[in-house]
Structures are given as C-alpha cells and as structure tokens.
Amino acid sequence: MGKITAAPTDEPTTEPTAAPTAAPYGTWASPIDAGAVAAAGGGPSWVDTHGGQVWWAEGRPAEDGRLALLAARPGQPPREILAAPWNVRNRVHEYGGRPWTVIDIADGERVVFTNWDDQRLYAVDLTGPDGSAEPVPISPEPEQRHGYRYAEPTAGPGGAEVREVWCVRETVTGDLPTDVRRELVAVPLDGSAATDPAAVRVLGASHHFLTGPRLRPDGRRVAWIGWNHPAMPWDGTELCVAEVDGDGRFGPHRVVAGGPAEAVIQVEWDGPESLLALTDPAGWWNLHRIDLNTGDIQNLAPAEQELGGPMWRIGSRWFAPLGGGRHAVLRSGRLAVLDEATATITDVDAAAGLPAWAPDLTVTDGLVVGIAAGPARERSVVGWHTRSGEVLDVTGQPAWLPDSAYLPVPVERVFHDDHGRPVPAFVYPPTNPEFTAPDDERPPFLVHVHGGPTGSSAPALDLSIAYFTSRGIGVVAVNYGGSTGYGRAFRERLRGQWGVVDVLDCAAAARALANEGGADAARLAIRGGSAGGWTSAASLTSVDVYRCGTVMFPILDLTGWTAEGGQTHDFESRYVEGLVGPLPDSADLYRDRSPSQHADRLAGPVLMLQGLDDQICPPVQADEFMATLDGSGIQHAYLTFEGEQHGFRKAATIRAALEAELSFYGQVLGFTTPGVPVLELRT
C-alpha cells in the first residue's frame with residue numbers, strides 16, 4: 001500500500017531514445033498488445049471496510065473472469081479470502097448487485113456471499129486457525145439452475161447475536177425471461193435454509209424492483225428503494241420506510257421521497273428519525289436529508305451538478321458520511337466533500353489526478369476508500385485520509401502497465417449538434433513516442449460509443465483505447481444526449497429519440513474532427529457494445545459518415561428486445577418504452593429504427609462480436625442480422641464466444657476480439673497490422 005505522490009495526468013516521463021520513425025497511421029508498432037489489455041479486463045469492484053481491513057472483489061480474466069474476494073490491512077499485502085473456484089458474483093437484474101458482506105457475530109466473523117455457479121448464498125467462518133474455512137451454503141438449492149438469486153446481503157437485527165442475513169431475492173417463476181419475482185428476505189445464518197426452503201423468511205415486497213434493506217442501527221426501522229415497470233431506476237423510484245417489530249417482521253411501509261419523475265438512488269440512516277438520500281427532485285442528483293417526523297426534505301448543498309449516477313447495479317454508493325455535517329461525495333465522478341455548514345461542495349485536491357471514481361465509497365476512521373482511475377492509471381482501490389490529506393494506493397498498479405509515454409491524454413471537448421446543443425466528448429489522439437506520421441496524412445479515427453445508453457465515458461485509462469491510439473488510430477468517446485453526468489434534462493434528450501439523437505451526436509463529433517483536419521474523413525469507423533452496439537449498427541444503417549464499424553453484443557431488433565418479444569431480461573424489458581415509445585402505438589418506429597430491418601443500407605463492412613451465454617442481448621439477434629449479409633457483397637465477420645455473457649470477461653476472448661478488431665480496421669481502412677492474425681472477411 002503506497003502513497004500516490006504524482007498526479008496521473010503528468011506528462012509522459014519517458015523520452016524516445018531516437019528520432020521518431022515516420023510511418024503511416026495504423027501501422028505503428030506498440031508495446032501494448034492484446035494480452036496486456038486482456039489482463040486489464042479484471043480490476044477491483046465492490047469495495048468495503050471491516051475490522052480494520054479493506055475488502056474488495058477482483059476480476060480474474062486469466063481464470064475465466066472469476067471474481068475473487070480479497071482483504072488487506074494497511075501496509076500489508078492482500079490475502080485472498082475466497083480462492084478458485086468460488087466466484088463472488090450474482091445475476092440480480094442480470095447486471096448483478098453487491099455480492100458479499102462481513103458479519104460480526106458472537107463467535108467471530110462470517111463472510112456471506114453469492115456464488116456465480118449456483119447463485120446460492122454461502123457463509124465462511126473466518127475464525128479458524130488459518131483465518132478461513134470452506135464455504136457452506138445457507139440458502140436452499142432451487143429446482144432449476146439459478147432459480148433463486150440473491151444480492152446486497154447485510155446483517156439482520158440483533159447485534160452480536162444476529163441470526164439472519166437480509167437481502168434481495170429474485171425467484172424465477174416461469175419460462176420467460178420476464179418471469180421473475182423479487183422480495184426482501186431473511187436467510188438464517190445457521191444453514192437451516194440450505195435444506196429447508198421454508199426457513200427463508202419473506203420480509204416485504206413493495207415493488208417489482210427492490211434495493212437491499214438499510215436497517216437502522218437499533219434494528220427498529222428499515223429503509224429501501226423500489227420501482228416498477230416501465231420506469232428505469234434513473235426515471236423514477238420510491239424511498240420506503242417501515243417499522244421492524246421485535247420478531248424481525250416489517251410493518252406497513254410508507255413512501256417518504258421519490259416519485260414518477262424523481263429518482264432516489266441511495267439512502268443511508270442519519271439518526272433515529274432522519275435519512276440521507278441522493279435524489280433529483282430539481283433535475284440534479286443532490287444530497288438531501290429527510291425528517292421522518294415532519295416529512296421535510298432539505299437539499300444539503302443545492303447545485304446544478306450531479307452527485308450521483310445511474311443505478312445499474314444495486315448496492316452502488318455515491319456518498320458516505322464523514323461526520324460533523326461533512327460527506328464524501330462524487331461530483332461528476334470526482335471525489336469531493338460536501339459541507340452542510342456552508343452548503344458547499346469542494347473537490348479533493350489530492351485526488352485531482354484521479355478524475356474517475358466508481359460509485360463504491362465507504363468510510364472508516366477518517367479514511368475514504370473507493371475505486372479510482374486516471375488517464376494513466378488503471379482502476380485501483382485507493383484511500384484518502386481526511387486528516388492528513390494523503391491518497392494511498394491500496395492495490396497498486398500492475399507491473400505490465402505500459403509506460404505513460406504510450407498512453408493518450410484525453411482532451412475534453414464539447415462539439416455541437418445541428419441545433420447548437422452541446423455534445424461532450426473525450427478525444428484520444430494517436431500517441432506513440434517512437435513514431436510520427438507523414439505530414440500530409442490525417443489519422444483514421446474510431447468513434448467509441450458507451451453502453452447504457454444511460455451511461456457515460458470518463459477520462460480514465462482504457463487500455464483497449466490505448467491499444468489503438470498507440471498504433472496511430474485516434475479515438476473519440478462521445479457522451480451523446482442521454483448520457484449521465486449532465487442532469488436530467490440532458491439525460492432525457494434521448495426519450496423517444498433512441499436511434500436518432502445518439503446517432504446524430506456521434507456523427508456530429510466525427511464530422512467536426514474531420515472538418516478540423518484532426519481526422520481522415522474517409523477513414524472514420526464506429527464501435528460499441530450493448531447499447532453502444534445498437535448506436536453503432538443504427539449509425540451504419542442511417543448516416544453516411546463511417547467507412548465501417550464494430551458491433552459488440554448489441555440490440556438490433558427493438559421489437560424482439562421487449563417483454564412481448566421475449567429476447568431480453570426483465571430489468572430492461574420495458575426500457576425501450578421510454579427510449580422510443582410504448583407498444584403498440586410505436587410499432588412503426590420500432591421497425592423503422594431497428595438496424596435488423598436495414599442491413600441493405602449498411603454504409604460499409606461490419607464486424608460482429610457476441611457472447612453465446614448473453615442473457616441481456618441474446619445472440620439470436622446478431623445471428624439473424626449476420627445471416628442476411630452472407631452473399632450480400634458487404635464485407636463482414638462474425639465471431640462468437642462460448643461461456644461469455646454480456647461483455648467479455650475471459651482473457652482469451654478479450655485478446656481474440658481485440659486482435660480481430662484491429663485486423664478488421666486495417667483491411668478496410670487501408671493500413672497494415674503486423675503482429676495480429678488476419679481476420680477472414682466474408683462477402
């Protein structure tokens with residue numbers, strides 16, 4: 001655990017040993033190979049602190065994407081709490097929720113976690129002589145694989161005598177992807193429910209979607225967040241509070257904040273009769289205090305700034321109380337401190353070089369712990385001492401991290417659409433100290449489209465981007481209308497306009513770069529996964545900007561990607577109603593905007609990458625789309641990957657996909673790509 005002493009945005013420290021070699025863009029030799037990118041595909045997640053230690057889950061691409069659980073004391077190397085084959089991950093909402101917790105009981109510590117293979121809850125006794133023991137199941141085995149799924153486990157009431165873990169449970173109720181029921185449940189720690197499903201106690205079920213329960217320290221009240229279709233959790237949610245009786249049963253709940261056009265995304269207790277809630281009644285996620293006696297809601301520091309983000313995974317944490325009326329918050333992804341006395345929000349200067357923090361904050365003894373990254377730093381677990389001001393790197397940077405001279409420094413830009421509305425973006429120029437391009441050549445450029453679409457790109461190191469820029473291929477990551485970080489009004493520019501606003505905003509950024517002379521207008525490409533794959537495919541079939549594109553695990557047919565179409569999961573099965581319109585009234589729009597209906601309009605070649613176990617964007621849509629291209633005369637390639645879900649986790653997959661993408665661009669955009677296998681293109 002070392003101190004971070006230099007800002008990650010410092011200029012490159014390595015000077016080339018000789019004059020740069022002149023070579024065409026795209027052909028530059030780079031030390032950043034696909035293996036390094038694959039190794040970076042893991043990283044930490046789900047941080048917390050307990051017992052004087054920092055705990056986190058860590059992705060292991062070399063172990064088929066397994067999530068290990070680790071812990072470390074200050075100044076000591078981390079130890080692995082759960083070795084292979086245990087995989088600390090769950091399927092709740094398919095994107096997963098917080099998968100583990102540590103519970104103090106009378107005879108020691110227990111780690112309770114969900115295991116990916118069977119989605120059951122397990123407990124591990126950490127009081128043995130070697131500090132660990134074999135996990136034992138504490139939840140019942142379902143009749144069908146993954147029939148029960150659990151997330152956000154937390155200790156039930158009772159203090160040191162606690163006997164239950166409380167959490168969210170999903171129950172599969174039928175054959176359709178939308179046949180899912182959710183409840184807040186209590187699972188006995190003694191393992192009795194492992195063989196007796198009736199031992200699991202249902203606590204409540206206020207909404208179709210639920211976050212985990214937040215129990216008041218005295219165990220007498222509980223709070224949680226819920227919402228129903230067709231809303232997504234950034235559209236409108238409700239904050240619920242209920243009394244807890246002496247037997248641990250919930251009384252009737254009441255809604256104390258939120259609504260159809262207000263999204264509460266995090267709640268914490270602030271005393272016996274008040275809550276802290278991150279919510280957006282004025283169109284910006286700000287921190288509020290809710291008085292449960294009077295019903296008064298106070299914005300602690302009103303600002304037209306986002307202190308929150310989209311709740312894609314339950315258990316995310318954008319703020320953490322520091323005490324004394326001060327709170328650690330994330331302002332547009334940067335660490336800051338909110339001071340109630342002055343109603344101000346101040347960035348933490350010591351963390352200025354870490355502009356991208358994950359919504360995973362926790363505080364212990366004056367140490368704010370989270371996951372942060374910067375333009376030249378991989379995501380790592382870091383801690384900020386509120387008293388000394390030091391920023392410590394808990395997990396450190398990997399040994400294979402390339403020299404910063406080969407890493408692009410993102411340039412924050414604001415382009416404009418045809419109506420003069422802002423289109424924020426980060427431009428990553430070609431960067432390699434060993435090479436320069438001919439004076440008369442402009443670089444090829446990739447438009448990188450983030451997923452979601454309710455998401456955003458941040459100025460953090462992404463080795464998959466550096467893989468291209470170090471070879472002389474520029475990248476622009478566009479935060480199109482609908483992205484988060486710019487308030488509700490900007491986010492709702494996409495309502496009813498998916499496949500239009502996102503497409504035109506990305507095109508505006510690409511055209512602007514070409515018009516400025518920073519990109520070759522004849523060598524523009526687009527790439528994206530999930531919703532980014534949708535925008536990439538929609539762009540290739542609707543605007544004349546791109547020479548080619550890479551489409552990864554995409555949505556291609558809107559009608560199929562609905563509850564009625566049966567081709568996606570419950571969480572997003574009515575997402576399209578807000579993005580395009582409700583059925584059946586919008587059926588024509590669904591057809592007109594779907595790339596699956598317009599393969600004949602493709603602007604150029606396409607590379608499709610798809611995981612075969614994807615439950616969010618199943619392969620059926622990619623299969624059908626690519627089948628229509630056989631014999632069409634349009635160059636194309638389709639790679640599928642066994643055992644991969646939504647997004648790629650395995651090192652072999654990440655490497656194969658990235659090398660295929662580079663070969664694809666070289667063949668289509670007209671430059672050689674030494675050192676990678678040649679991708680076979682069909683017509």
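Above this note sits the structure.
Residues numbered from 1 in each chain as written. Predicted model: local features only at pLDDT ≥ 70, side-chain atom pairs only at ≥ 80, totals over all residues. Heavy atoms only, no water.

**Student:** Tell me about the sheet that holds strand 21 (residues 274-279), and please be specific about residues and values.
**Tutor:** Strand pairing in a sheet is mediated by backbone hydrogen bonds. Such pairs are either parallel or antiparallel. Spatial ordering of the open sheet is given by 20-21-22-23, a layout of four strands whose pairing is antiparallel. Edge positions in the sheet fall to strand 20 (266-269) and strand 23 (297-299), since each of these pairs with one other strand and no more. Going from strand to strand, the sheet's axes swing by 25 degrees on average, the running direction of each strand aside. (Pairing = 2+ DSSP bridges. Helix = DSSP H or I, 4+ residues; strand = E, 2+ residues; numbered from the N terminus. Axes fitted to C-alpha atoms, helices over the stretch in contact; angles between N-to-C directions.)

**Student:** Tell me about the nonpolar core, and name the residues and values.
**Tutor:** Within the largest apolar cluster, 118 residues are counted, with the highest numbers of intra-cluster contacts made by L239, L275, L335, W498 and Y546. Looking at this core element by element, the count peaks at eight residues for helix 4 (residues 501-516). Aside from chain neighbours lying at most four places away, what touches L275 is A223, L239, V241, V256, V267, E268, W269, D270, H288, R289, I290 and L292. Formed by 44 residues, the second largest nonpolar core is a distinct cluster that contains F426, F468, C548 and F648. (Core = buried A, V, L, I, M, F, W, Y, C linked by side-chain atoms within 4.5 Å. Buried < 20%, exposed > 50% of the residue type's maximum accessible area, 1.4 Å probe, protein only. Contact = heavy atoms within 4.5 Å.)

**Student:** Just give me the short version of the sheet that holds strand 14 (residues 201-204), but keep the residues and values in it.
**Tutor:** Pairing is antiparallel in the open sheet, where four strands are placed in the order 11-12-13-14. Of all the strands in the sheet, the pair left with one neighbour each is strand 11 (148-155) and strand 14. The average undirected angle you get between the axes of adjacent strands in this sheet is 35 degrees.

**Student:** Residues and numbers for the environment of S596, please.
**Tutor:** With respect to the helices and strands, S596 occurs in the loop between helix 7 (587-593) and strand 40 (606-611). Overall, S596 belongs to the partly exposed group, its relative accessible area being 27%. Here the alpha-carbon distance between S596 and T541, two residues 55 residues apart in the chain, equals 9.3 Å. In contact with S596, other than residues within four places in its own chain, are L556, D557 and F625.

**Student:** So what's going on with the packing of aromatic side chains? Which residues, and what values?
**Tutor:** Inspection of every chain in the model, using the stated rule, returns 23 aromatic pairs. Judged by centre distance (5.4 Å) and plane angle (15 degrees), the ring pair of F209 and W227 falls under stacked. Residue F209 is located in strand 15 (residues 209-210), and its partner W227 is located in strand 17 (residues 221-227); the two are separated by 18 residues in the primary sequence. Overall, W227 belongs to the buried group, its relative accessible area being 2%. Pairwise contacts between aromatic rings join Y95, F209, W227, W234, W312, F571 and Y575 into one cluster. Between R89 and the ring centre of W116, over which it is positioned, the NZ or CZ distance is 3.8 Å. R471 extends its terminal NZ or CZ atom over the ring of Y467, reaching a point 4.1 Å from the ring centre. (Phe/Tyr/Trp six-rings, centres within 6.5 Å; stacked < 30°, edge-to-face > 60°. Lys NZ or Arg CZ within 6 Å of the ring centre and 35° of its normal.)

**Student:** Outline unusual backbone geometry, supporting the account with residue identities and numerical values.
**Tutor:** Here A84 and P85 are connected by a cis peptide whose omega angle stands at 10 degrees. As for its position among the elements, P85 is in the loop between strand 6 (79-82) and strand 7 (100-105). Following H229, the chain continues into P230 via a peptide bond in cis, with omega recorded as 5 degrees. When you line up the elements, P230 lands in the loop between strand 17 and strand 18 (238-243). Unlike most non-glycine residues, S332 shows phi in positive territory, near 50 degrees. Its location among the elements puts S332 in the loop between strand 25 (326-331) and strand 26 (334-339). Given a relative accessible area of 47%, S332 falls into the partly exposed group. Of note, the phi angle at S530 is positive, near 60 degrees, even though the residue is not glycine. The topology assignment puts S530 in the loop between strand 38 (524-529) and helix 5 (531-540).

**Student:** So what's going on with the pattern of salt bridges? Residues and values would help.
**Tutor:** Tallied over the entire structure, the rule returns 46 salt bridges. The residue E577 makes a salt bridge to R574 at a minimum N-O spacing of 2.6 Å. In this structure, a network of salt bridges that share partners links the residues R91, E94, R149, E170, R182 and D570. (Salt bridge = Lys/Arg side-chain N within 4 Å of Asp/Glu carboxyl O.)

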